[in-house]
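Given next are the chains, with one letter for each unit.
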Amino acid sequence: MRCTVIGTGYLGATHAAGMAELGHDVLGVDVDPGKIAKLAAGEIPFYEPGLRKMLRDNLDAGRLQFTTDYDEAAAFADLHFLAVGTPQKKGEYAADLRHVYAVIDELVPRLTRSAVIAGKSTVPVGTAAELAQRATSVAPAGVDVEIAWNPEFLREGHAVTDTLRPDRIVLGVQGDSARAEAMLRELYAPLLENGVPFLVSDLQTAELVKVSANAFLATKISFINAMAEVCEASGADVTVLADALGYDARIGRRFLNAGLGFGGGCLPKDIRAFMARAGELGANQALTFLREVDSINMRRRTRMVELITSACGGSLLGANIAVLGAAFKPESDDVRDSPALNVAGLLQLNGAAVNVYDPKALDNARMVFPTLNYATSALEACDRADAVVVLTEWPEFVDLAPAVLAETVRAKVIVDGRNCLDIDRWRGAGWQVHCLGRRVA
Ligand code: UDX
């Protein structure tokens with residue numbers, strides 16, 4: 001089949017390469033000529049394991065091309081994916097949909113044959129129906145445009161697997177849809193043959209699946225972090241608690257890792273946009289609990305600074321702190337709303353000298369926080385440190401050798417912001433260990 005993917009950011013670039021990998025002819029479209037030139041040359045402007053290889057393989061095989069030209073896009077295929085960004089509006093919780101509308105306004109008037117536009121971006125419920133009206137009003141005479149919604153659930157760091165082996169495919173279609181389901185079934189045939197569940201719904205339900213999935217995940221993380229607060233107050237251990245809860249199959253252990261909480265380009269903005277939309281729909285009471293989920297999450301960052309302060313003897317003034325981790329999670333170079341970088345900034349604000357190291361996110365971190373010190377290795381960051389703090393659970397930090405680090409630091413004090421370290425190993429080597437949600441020092 002042929003399809004276009006409009007918007008070649010994180011989501012679009014991965015989807016375009018993934019559809020080509022399934023054997024389709026794909027045209028990636030973006031208004032940013034720099035981005036398009038890079039992708040066409042086999043380069044991706046962010047770190048994602050396995051994506052560069054998938055991109056290059058498919059460019060070489062001639063199944064994947066890139067353009068900035070909407071005329072070319074309109075002529076190329078009858079199935080167009082919409083994968084542009086929906087950031088949080090400045091100073092508001094609501095999502096900014098200008099890029100989504102721009103795609104309809106640019107693409108639809110150029111169509112000469114009937115087409116399906118399948119949205120992948122995360123949007124407030126009701127957006128797809130609005131886009132359908134807008135598309136009808138700008139479509140040339142005789143050209144029928146169907147809007148469908150096919151949300152994307154990919155996780156950073158696992159985007160290739162999540163695209164080629166998704167847990168499920170959800171497709172929302174218009175009430176009078178004639179073509180979307182058959183087209184998408186054909187496109188995803190290799191996945192459906194492998195038994196991936198395919199759910200068809202109305203447009204609103206499909207839009208809601210994505211935001212409610214993210215709201216649930218955020219809630220699960222904040223739940224365990226709330227338990228961590230209670231553990232801190234009562235002397236209990238949140239990691240053992242999470243293990244014990246997780247054996248109940250109804251609860252499950254995944255996403256019960258207590259620590260610094262969630263960040264990134266999706267969870268924080270999605271729960272806020274969801275609250276804003278519920279308010280517009282007159283259903284704001286239904287989601288007031290998400291405000292609490294958000295504040296539990298943000299409290300973890302200040303709690304982490306308190307914990308580091310007490311690990312440093314009560315004041316950060318003049319303390320030399322090694323911060324290991326800047327990305328919002330491992331296997332990513334993304335620092336958007338990163339708890340790690342946030343904490344690094346707060347430490348500096350409180351008078352500490354902060355030396356940050358991250359295996360992939362240093363360049364992005366430097367752009368956001370140019371005034372922090374950046375090291376080129378974990379060992380360098382720890383040079384004469386009064387405390388080492390692990391804020392992103394990269395495997396190389398989990399595997400650090402306490403004895404090696406001991407030779408470079410000023411004080412053998414380590415603070416584990418992700419409950420990822422083998423505490424006994426560190427204590428055994430004479431380190432003082434501090435954690436969120438458990439008393440171990
Ligand atoms: C998320 C959703 O998982 C994905 O389905 C959706 O498409 C986009 O948003 P992502 O932003 O890549 O994906 O991150 P995710 O793996 O969900 O982690 C989010 C944050 O939660 C990270 O900062 C992570 O460190 C934190 N987290 C995760 C915890 O604090 N504890 C956990 O147990 C799990």
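It should be emphasised that the depicted structure is a prediction, and the values quoted were computed from it without experimental measurement. Starting from 1, residues in each chain are numbered consecutively following that chain's sequence as written. At least 70 in pLDDT is required for a residue's local features to be given in this predicted model, at least 80 for side-chain atom pairs to be given and counted, and no such filter applies to totals for whole chains, interfaces and linings, which use all residues. Calculated side-chain values reflect all of the structure's heavy atoms, with hydrogen atoms and water omitted.

**Quick word on the environment of G119**
Starting at the N terminus, helices and strands are each numbered in turn, a helix being any DSSP run of H or I of at least four residues and a strand any DSSP run of E of at least two. Topologically, G119 is positioned in strand β5 (residues 115-119). Here the alpha-carbon distance between G119 and F262, two residues 143 residues apart in the chain, equals 26 Å. Contact between two residues is taken to exist if any of their heavy atoms lie within 4.5 Å; hydrogens are not considered. Setting aside residues up to four positions removed in sequence, G119 forms contacts with L82, A148, W149, N150 and P151.

**Examining the site of the ligand**
Throughout, near means a residue has at least one heavy atom within 4 Å of the molecule or strand. The local shell around the ligand holds 20 residues, among which F153, E156, N257, F328 and K329 are the closest. Two N or O atoms form a polar contact when they lie within 3.5 Å of each other; inside protein one atom must be a possible hydrogen donor and the other a possible acceptor, and for residues adjacent in sequence the pair counts only when both atoms belong to side chains. Measuring from an oxygen atom of the ligand, one finds a backbone N or O atom of N257 at 2.8 Å. Contact distances for the ligand include 3.2 Å between an oxygen atom and a side-chain N or O atom of R418. Areas reported here follow the Shrake-Rupley algorithm with a probe of radius 1.4 Å; residue values treat only the protein chains shown as occluding. For the ligand, the protein covers 92% of the area, taking 670 Å² as the surface of the free molecule. For the shell around the ligand, the element with the most residues is helix α10 (residues 203-234), which contributes four residues. Residues that form the shell around the ligand fall into these classes: ten nonpolar, four polar and six charged. For this scheme, ten residues count as nonpolar: Ala, Val, Leu, Ile, Met, Phe, Trp, Tyr, Cys and Pro. Four count as charged, namely Asp, Glu, Lys and Arg, and the remainder, Gly too, count as polar.

**As for the nonpolar core**
Note on terminology: a nonpolar core comprises buried Ala, Val, Leu, Ile, Met, Phe, Trp, Tyr and Cys residues joined through side-chain atoms within 4.5 Å. For each residue, the accessible area found with a 1.4 Å probe, counting protein chains only, is set against the maximum for its type, and the residue is called buried under 20%, exposed over 50%, and partly exposed in between. Core analysis: the largest hydrophobic core is formed by 56 residues, its most contacted members being I308, I321, V323, L324, L347 and V388. The residues contacting I321, other than those within four sequence positions of it, are I308, C312, L316, L347, A352, A353, V354, N355, A387 and V389.

**A word on the domain arrangement of the chain**
Source of the domain bounds: an automatic or database domain assignment. Annotation of the chain at the domain level lists domain 1 (2-196), domain 2 (211-294) and domain 3 (298-435). Between the C-alpha centres of domain 2 and domain 3 there is a distance of 24 Å. Counting residues at the interface gives 18 residues for domain 2 and 17 residues for domain 3. Buried area adds together the accessible area that both of two parts lose upon being put together, with accessible area traced by a 1.4 Å probe. The junction of domain 2 with domain 3 conceals about 1,400 Å² of combined surface from both sides, 44% of it contributed by carbon and sulfur atoms. Contact with domain 3 buries surface across domain 2, with E229, E232 and L260 losing the most and accounting together for 41% of the total. The shortest N-O distance in the salt bridge between E292 and R299 comes to 4.0 Å. At the junction of domain 2 and domain 3, the tally comes to ten residue pairs in polar contact (both at pLDDT 80 or more). Elements with a contribution of two residues or more to the side of domain 2 that touches domain 3: α10, α11 (238-246), α12 (267-280) and α13 (288-311). A per-element tally of the side of domain 2 that touches domain 3 places α10 first, with four residues. In the side of domain 2 that touches domain 3, the residues fall into six nonpolar, seven polar and five charged. We count a salt bridge whenever a side-chain nitrogen from Lys or Arg sits within 4 Å of a carboxyl oxygen from Asp or Glu.

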